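Here is what each chain is made of, one letter per residue.
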Amino acid sequence: MAPGEAAAFFERWFAPHSLGEGLVTGYYEPELRGAELPGGGYAIPLFALPPEGPLRLLDRGAIEAGGLDGQGLELVWVDDPVDAFFLQIQGSGRIGLPDGRVLRLGYAGRNAHPYRPIGRSLIERGAIAREAMSMQAIRAWLGTASPGEAAALLRENPAYVFFRPIEGLDPETGPIGTLGVPLTPGRSLAVDAGIVPLGAPIFLETRDPLDGRPIRRIVLAQDTGGAIRGMARGDLFWGWGAEAAARAGPMRDPARLFLLLPR
């Protein structure tokens, strides 16, 4: 279906219902370096979802201190704790292995602790101005902090995300979202599923985070996120790789959202 035909289809068969003015952020699928066994610089484990019980009650600090050791839950080891942290924020990722294979990881669940943005901590202590806050700004701060300071900041977010291997995904296909289908760059939106039905088309008005050009397009509610709460709140999936990261990181823009319902 051509773009013009798609627009005509939605205009004919769907009616817009305003969700109000709110906020849209961006996310992407990170690419990390890892190995199936620890060693050679690969020392940061990524874990599968523990069984129901006390292990789900551990916070980030307890897990990083070895609370899950000996449980056989390690999926892969990566070489950078900051990359591992942001992989949990994004919820899925690609792990490049030494033999050239790529392990795709998807969201499997989380511990019982609430998500606290570490960017908020940096704003509160005056380390980064609110208007300058972005993923890139946080990474820059972590890059100049001592290892102890960086680890302490990461632990201020007690939430911890667990993963599962995803088999059979084409390299040119996005990760699997909450709806159970691969995400499409620029067209898949994470929403508050308690308010917006998954699978619904949404007309989004916002701006490109890099060049400021208007974005006016139909997107699909295909995913959810721990920080995505409220009626006019969305998280736009930008894809994978450096360009996707460059757009997703700074995106925190006013938006208008319209839920498209069948006439």
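Refer to the structure presented above.
Residues numbered from 1 in each chain as written. Predicted model: local features only at pLDDT ≥ 70, side-chain atom pairs only at ≥ 80, totals over all residues. Heavy atoms only, no water.

Trainee: Got a minute to help me understand the layout of surface pockets in this structure?
Mentor: Its boundaries defined by the atoms lining it, the second largest pocket holds a volume of some 500 Å³. The wall of the second largest pocket is formed by 22 residues, among which A7, F10, F203, R217 and I218 lie closest to the centre. Of all the secondary-structure elements, those providing two or more residues to the lining of the second largest pocket are α1 (3-13), β1 (14-29), β9 (201-207), β10 (214-223) and β12 (252-262). Among the residues making up the lining of the second largest pocket, the classes are represented as 13 nonpolar, 3 polar and 6 charged. (1 Å grid on protein atoms, 1.4 Å probe; cavity = no way out; pocket = protein on both sides within 12 Å on 5 of 7 lines; lining within 4 Å. Points joined across faces, edges and corners; volume = space filled by probe spheres on them. Helix = DSSP H or I, 4+ residues; strand = E, 2+ residues; numbered from the N terminus. Nonpolar A, V, L, I, M, F, W, Y, C, P; charged D, E, K, R; others polar.)

Trainee: What am I meant to see in the side chain of T25 here?
Mentor: Tracing the chain through its elements places T25 in strand β1. The exposure class of T25 is buried, given its relative accessible area of 10%. Polar contacts involving the side chain of T25 include one to the side chain of D235, which spans 2.6 Å. Leaving out residues up to four positions away in the same chain, T25 has contacts with I228, R233, G234, D235, L236, M251 and R252. (Buried < 20%, exposed > 50% of the residue type's maximum accessible area, 1.4 Å probe, protein only. Polar contact = N/O pair within 3.5 Å; in protein donor to acceptor, adjacent residues only side chain to side chain. Contact = heavy atoms within 4.5 Å.)

Trainee: Can you walk me through the sheet that holds β1 in this structure?
Mentor: Sheet strands pair via backbone hydrogen bonds, and the direction of the pair is either parallel or antiparallel. Pairing in this closed barrel of 6 strands is mixed, and the strands run β1-β11-β8-β10-β9-β12 around the ring. Averaged over neighbouring strand pairs, the angle between their axes works out to 45° when direction is ignored. In this structure, β9 lies alongside β12, joined through 4 bridges in antiparallel fashion. Bridging across to β12, F203 finds its partner in F258. (Pairing = 2+ DSSP bridges. Axes fitted to C-alpha atoms, helices over the stretch in contact; angles between N-to-C directions.)

Trainee: Explanation requested: the nonpolar core in the structure shown.
Mentor: The biggest cluster of nonpolar side chains holds 38 residues, and the ones touching the most others in it are L142, L189, I202, L236 and L257. In terms of residue count, helix α5 (residues 135-144) provides more of this core than any other element does, 5 residues in total. Excluding anything up to four places from it in sequence, L189 contacts V24, I202, V219, L220, A221, Q222, D223, G234, D235, L236 and L257. Of all hydrophobic cores here, the second largest spans 12 residues; its members include L32, I95, L97 and L103. (Core = buried A, V, L, I, M, F, W, Y, C linked by side-chain atoms within 4.5 Å.)

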